[in-house]
Amino acid sequence: MIYMTIPLALVIMVLNTDYENQNPFPHMDMVIGTSVSVPVSGERVTVDILEKYRKDNIPLRITGPKGDIVKLPLDNRGSAIWQTTRYGKYILEYNGYTRTIWVTSQPVIFNWWTGDIFPDFITHAMISGEDSEEYWRRRGVVRLHWIGGEYLSREEHQVTFRHPEQWFKNWWSRLYQISREPQQGVCLDELYATDERFDGVALPKAVTMLRNAAGEDFYIGVYYSGITPEFSTGMWYLRQSNVYHLEECYWGTEDIYLKRWQDVTLYRIQDQAVLVISPGFNQSKKIRGSLTPQKLREEFAMVRRVAPEAAGIGIFNAYKNPTLEKLADKLIQEYFLKPVIHLQPKNGNILARNIGHEDAEGCYAVFLNEEGQDLHEIKLKKLKSMESREIEIPSGAVSLKLVTPEDSVNIYPDGIYVFPKVMNPLQVIETSIKNMEVINSNDGDITFRAVFNKPLDTKYIARDSFLLQGVTSGYHEGRITCDNKSLKLSIEFYNLPSDFYTLRLISGRDKISDEDGLPLDGSDNGLLDPINDHYAVHFILIRNGKEPELPLPESSILSSP
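Residues numbered from 1 in each chain as written. Predicted model: local features only at pLDDT ≥ 70, side-chain atom pairs only at ≥ 80, totals over all residues. Heavy atoms only, no water.

When the pLDDT values of the protein chain are averaged, the result is 89; 89% of them are 70 or greater. Note that residues 1-27 has pLDDT below 50 and, in this model, 49 contacts with residues that lie over four places away or in other chains. (pLDDT = per-residue confidence, 0-100. Contact = heavy atoms within 4.5 Å.)

Encoded structure:
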């Protein structure tokens, strides 16, 4: 992340007066308002018509993605309740005025650093200026404030904060300087997700204090520049605080982006996490991001390849490049809302998945040999949103050319997906303890069992093949056994106290690997990475009915300053 204090941000705004002049606030009425900008299927949405545009006996007309039409009468306040039932693109129309709304099959986050260009596809953004408040409210966009993270105290206060109370008091005071009441949410810029600084707990504790003070409906987004495997204690505070995770990917190769998403999958937070890109990022001649439209399009495709489960995307538009930012807005619809086919190895075959929010139809898979010649062509059956299907690979095929309709994007260069060398890596396919499961135990004894897709190399199955860490109780020993006939690994733990636990199966040639010595694919993405691609499950243990608590400072200040 480029560390930007508030004064520096103001300097950038002053130096870019042309940008501001080209993008004045659109002082236009938002005739058709909605309570949420991008609803999820099944959500009830309040639609209201601006008072001066209302006419007697004219209903709200909603045209669905299949051409179906619903007419809703307005109540005496000019509102109607729209009960969404299917994902896809909808047109809302009232007396000649229209508004396009996408309904998604699962919740999404399109988090913009600022709303300066007034993007169409946005769910959260830092917004300033009372003149635009009503506009964003009627758009259903969550309005956020900025709060500073680790570097804030050093740059702004010339002192290093070390205690959660210091962070919390600064944030709470900042919010009350802006408004006498906390707004809809904040973005924390940023949190170093490692145990190497402040024990990795001070800032997460402060976030929990902020959650307790602001309430459950208050949005908290946290920026990271990577998350280490040693951050499990801090992540428990953030997980219990229900934050959204914004992983910074402003420049670099696909391997860097893949590593960032691997950080996310280790903590099983994919449904509340996004990769954040920065159109126009140009820290130096050597460190720079997407500076051209073509590079930005390639970056969107790369994000979709490495993070197919991501809840959306973040746009760090601090570099004031309106051309690229407007393109990014357009690409959100193309790469996240329209149908998108993602490919990855699965059981020696290819798993094709539609990761968009409309049905994928008219796609073909052409299998190629080493010389690039066609071997076999198949038409992919219709894939609903988030639906997947395994495709059998014909003998001699080394790659696949994905052919998609003209109105949809292809996330693979020239449409070619090259098969990895290992098409069936070692993976966990079933566990006796599910992620975020709450376990009740009178004596604190539990057994974790994992079933694999193929045999393990039993020579290295030992005490250092796993780590169990509790937030307050620290690390715990366990007894590990492996039965390759049933492809099952078991770890027994005894006398565990009530606590929040993270159990990691350590991937590596001399830790957990297959019989060929190839490491565990803990991310379950079909790719082999020998560094930190561990498998983790996070659970809560309640012993004798005593629920664990996350320790917070006794002197927590949970009221306005």
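Now that the structure has been shown, the text picks up again.
Before going further, it helps to spend a moment on the pattern of salt bridges. According to the stated counting rule, one finds 22 salt bridges in the structure shown. Put simply, D464 and K511 hold a salt bridge, and the shortest N to O gap is 4.0 Å. Here D464 is found in the loop between β25 (446-452) and β26 (466-470), whereas its partner K511 is found in the loop between β30 (499-505) and β31 (535-543), with 47 residues between them in sequence. Residue K511 is classed as buried on the basis of its relative accessible area of 18%. As a salt-bridge pair, E492 and R479 come within 3.2 Å of each other at their nearest N and O atoms. (Salt bridge = Lys/Arg side-chain N within 4 Å of Asp/Glu carboxyl O. Helix = DSSP H or I, 4+ residues; strand = E, 2+ residues; numbered from the N terminus. Buried < 20%, exposed > 50% of the residue type's maximum accessible area, 1.4 Å probe, protein only.)

With that out of the way, let us pick up the sheet that holds strand β19 (residues 374-379). If you trace the 4 strands from one edge of the open sheet to the other, you get β19-β18-β21-β22, paired in antiparallel fashion. Both outer strands of the open sheet, β19 and β22 (416-418), are each paired with one neighbouring strand and no more. The mean angle between the axes of side-by-side strands here comes to 20 degrees, regardless of whether they run parallel or antiparallel. Alignment of strand β18 (residues 364-368) against β19, held across 5 bridges, turns out to be antiparallel. Bridge pairing in β19 links V366 to E377. (Pairing = 2+ DSSP bridges. Axes fitted to C-alpha atoms, helices over the stretch in contact; angles between N-to-C directions.)

A few words now on the sheet that holds strand β8 (residues 109-114). One closed barrel accounts for 8 strands, arranged β8-β9-β10-β11-β12-β13-β14-β15; its pairing is parallel. When strand polarity is set aside, the average angle formed by the axes of neighbouring strands in this sheet is 25 degrees. Here strand β13 (residues 244-248) runs beside strand β14 (residues 273-277); their pairing, made up of 4 bridges, is parallel. Counterpart to E248 in the pairing with β14 is V276. Here helix α9 (residues 293-306) sits on the sheet and contacts β14 and β15 (312-315); the angle it forms with β14, its principal contact strand, is near 160 degrees. Relative to the sheet, helix α10 (residues 322-337) contacts β8 and β15, its axis offset from that of β8 by approximately 170 degrees.

With omega at -5 degrees, the peptide bond leading from D189 into E190 counts as cis. The residue E190 is located in the loop between β11 (185-189) and α6 (202-214) in this model. For N95, which is not glycine, the phi torsion reads 50 degrees and is therefore positive. Topologically, N95 is positioned in the loop between β6 (88-94) and β7 (97-103). Since its relative accessible area comes to 37%, N95 is described here as partly exposed. Phi at N242 takes a positive value of approximately 55 degrees, unusual for a residue other than glycine. Structurally, N242 can be placed in the loop between α7 (232-240) and β13. Overall, N242 belongs to the partly exposed group, its relative accessible area being 30%.

A complete count under the given rule lists 24 aromatic pairs for this structure. With centroids separated by 5.1 Å and ring planes inclined at 75 degrees, the aromatic side chains of Y135 and W136 adopt a geometry described as edge-to-face. For the pair formed by Y135 and W136, the shared burial category is buried. On the numbers, 6.1 Å between centres and 55 degrees between planes, the contact of Y417 with F419 is tilted. Each member of the pair Y417 and F419 is classed as buried. In this structure, R268 packs its charged tip against the face of Y535, placed 4.5 Å from the ring centre. It is R304 that lies over the ring of F336; its NZ or CZ is 4.1 Å from the centre. (Phe/Tyr/Trp six-rings, centres within 6.5 Å; stacked < 30°, edge-to-face > 60°. Lys NZ or Arg CZ within 6 Å of the ring centre and 35° of its normal.)

Turning to the side chain of N317, a few remarks are in order. Mapped onto the secondary structure, N317 falls in the loop between β15 and α10. According to the relative accessible area criterion, N317 is buried, its value standing at 1%. Polar contacts involving the side chain of N317 include one to the main-chain amide nitrogen of W113, which spans 3.2 Å. From its side chain, N317 meets the backbone nitrogen of T114 in a polar contact 3.1 Å long. With residues up to four places along the chain from it excluded, the contact list for N317 reads W112, W113, T114 and E325. (Polar contact = N/O pair within 3.5 Å; in protein donor to acceptor, adjacent residues only side chain to side chain.)

Below, the discussion takes up the pairing of strand β4 (residues 69-72). Here strand β3 (residues 60-63) pairs with β4 via 4 bridges, running antiparallel. Bridging across to β4, T63 finds its partner in I69. The turn linking β3 back onto β4 is made up of 5 residues, and G67 within it adopts a positive phi angle of 85 degrees.

Over its 16 residues, α10 runs 22 Å from end to end, which matches the ideal 22 Å to within 8%, given 1.5 Å per residue. Bending of α10 peaks at approximately 30 degrees at the position of L331. (Expected span 1.5 Å × (residues − 1). Bend = angle between axes of the 7 residues up to and from the residue.)

Before going further, it helps to examine the pairing of strand β10 (residues 142-148). Sheet faces and side chains relate simply in a regular strand, where the side chains alternate between the two faces. In terms of burial, β10 is a largely internal element, 7 of the 7 residues being buried. Neither face of β10 is open: one carries V142, L144, W146 and G148, the other R143, H145 and I147, and all of them are buried. Where strand β9 (residues 124-126) lies against β10, 3 bridges are found, and the strand directions are parallel. Bridged to H124 within β10 is V142. Sheet topology note: the β10/β11 ladder contains 5 bridges and is parallel. In the sheet register, H145 faces β11, and the bridge partner there is V186.

Core analysis: the biggest nonpolar cluster contains 113 residues, and F110, W171, L191, L210, F300, I313 and F419 have the highest contact counts within it. Take this core: its biggest share by element is 8 residues, from α10. When near neighbours in sequence (up to four residues on either side) are disregarded, W171 contacts I147, G148, L188, L203, A206, V207 and L210. In this structure, I446, I480, F493 and L505 belong to the second largest nonpolar core, which totals 26 residues. (Core = buried A, V, L, I, M, F, W, Y, C linked by side-chain atoms within 4.5 Å.)

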